[in-house]
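# Examining the three-dimensional arrangement
If you want the building blocks of each chain, they are given just below.
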Amino acid sequence: MVYDLALADEIRGVLAAADGADDLSERRMFGGLSFLVGGNLAVAVRGDGLLVRVGADAAAELTRTTAATQAVMGARTMADWLDVPASALGSEAELAAWVRRGVSWARTLPAK
């Protein structure tokens, strides 16, 4: 399992500053390190980019307006998930925006 350790640390920093940080956890899955909110995956580091869960409607819009692409796992295209390349994470603000998107979506789901 290879993923960007520095990026994982940056995500931890963004999450530590978020409200309600008490329901956050980490788990190795999807070939990287996943960050969960209430037991629901919000964002994961895969390689040097991100996997972000944003919901199908937001995913459709974000694939048109950003460098993100629909996530593919095996033979399945995941409607709610986006792969965000490292090139789209150039600044702290850009990374924080992606992390917030994932956290916001995860908070809409029932806790596991």
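This text follows the structure it describes.
Below is a short write-up of the structure. (Residues numbered from 1 in each chain as written. Predicted model: local features only at pLDDT ≥ 70, side-chain atom pairs only at ≥ 80, totals over all residues. Heavy atoms only, no water.)

### Quick word on the overall build of the protein chain
Looking only at helices and strands, one finds three helices and six strands in the protein chain. Scanning the protein chain from its N terminus toward the C terminus, one meets helices and strands in the order α-β-β-β-β-α-β-β-α. Taken over the C-alpha trace, the protein chain has a radius of gyration of 13 Å; the compact-globule value for 112 residues is 13 Å, and the two agree within 12%. Across the 112 residues of the protein chain, 40% fall into the buried class. By sequence separation, contacts in the protein chain at least 24 residues apart represent 52% of the contacts at least 6 residues apart. Here the protein chain has roughly 5800 Å² of accessible surface; of this, 54% comes from carbon and sulfur atoms. (Helix = DSSP H or I, 4+ residues; strand = E, 2+ residues; numbered from the N terminus. Rg over C-alpha atoms; globule rule 2.2 N^0.38 Å. Buried < 20%, exposed > 50% of the residue type's maximum accessible area, 1.4 Å probe, protein only. Contact = heavy atoms within 4.5 Å. Areas by Shrake-Rupley, 256 points an atom, 1.4 Å probe, with all protein chains shown as cover.)

### Some points on helix α3 (residues 92-107)
Relative to the 22 Å expected for 16 residues at 1.5 Å per residue, α3 spans 22 Å between its end C-alpha atoms, a close match to the ideal helical length. Where α3 is concerned, the buried positions are Leu95, Ala96, Trp98, Val99, Gly102, Val103 and Ala106. Down the axis of α3, the buried set is contained in an arc of 165°. They therefore lie on one face. Where α3 is buried, its residues meet α1 (5-16), β2 (32-37), β3 (40-46), β4 (49-53), α2 (56-65) and β6 (76-84). (Expected span 1.5 Å × (residues − 1). Arc of directions from axis to C-beta.)

### Structural notes on the packing of aromatic side chains
Throughout the structure, instances matching the rule amount to zero aromatic pairs. It is Arg101 that lies over the ring of Trp98; its NZ or CZ is 4.3 Å from the centre. (Phe/Tyr/Trp six-rings, centres within 6.5 Å; stacked < 30°, edge-to-face > 60°. Lys NZ or Arg CZ within 6 Å of the ring centre and 35° of its normal.)

### A word on the pairing of β4
With five of five residues buried, β4 lies mostly within the body of the structure. In β4, alternate side chains face the same way, and those of Gly49, Leu51 and Arg53 on one face and Leu50 and Val52 on the other are all buried. Bridging between β3 and β4 involves four bridges; their strand directions are antiparallel. The partner of Ala44 across the bridge, within β4, is Leu51. (Pairing = 2+ DSSP bridges.)

### Comments concerning the pattern of salt bridges
The final tally for this structure, using the stated rule, is five salt bridges. We note a salt bridge from Arg12 to Glu26, for which the minimum N-O separation is 2.7 Å. One end of the pair, Arg12, is in helix α1; the other, Glu26, is in strand β1 (residues 24-29), with 14 residues separating them in the sequence. Its relative accessible area of 31% is what places Arg12 among the partly exposed residues. (Salt bridge = Lys/Arg side-chain N within 4 Å of Asp/Glu carboxyl O.)

### Quick look at the side chain of Asn40
Tracing the chain through its elements places Asn40 in strand β3. Here Asn40 falls in the buried class, since its relative accessible area comes to 4%. At 3.0 Å, the side chain of Asn40 forms a polar contact with the backbone oxygen of Pro110. If sequence neighbours within four positions are ignored, Asn40 has contacts with Phe35, Ala106, Leu109, Pro110, Ala111 and Lys112. (Polar contact = N/O pair within 3.5 Å; in protein donor to acceptor, adjacent residues only side chain to side chain.)

### A short note on the sheet that holds β1
Spatial ordering of the open sheet is given by β1-β2-β3-β4-β6-β5, a layout of six strands whose pairing is antiparallel. In this open sheet, the two edge strands, each paired with only one partner strand, are β1 and β5 (69-73). Neighbouring strand axes in the sheet, compared pairwise and without regard to direction, differ in orientation by 35° on average. Note: β4 against β6, four bridges, orientation antiparallel. Counted as the bridge partner of Arg53 is Trp81 from β6. Strands in contact with α1 are β1, β2, β3 and β4; relative to β2, the strand with the most contacts, it is inclined by about 10°. This element, α2, spans β5 and β6 of the sheet and lies at about 55° to β6. (Axes fitted to C-alpha atoms, helices over the stretch in contact; angles between N-to-C directions.)

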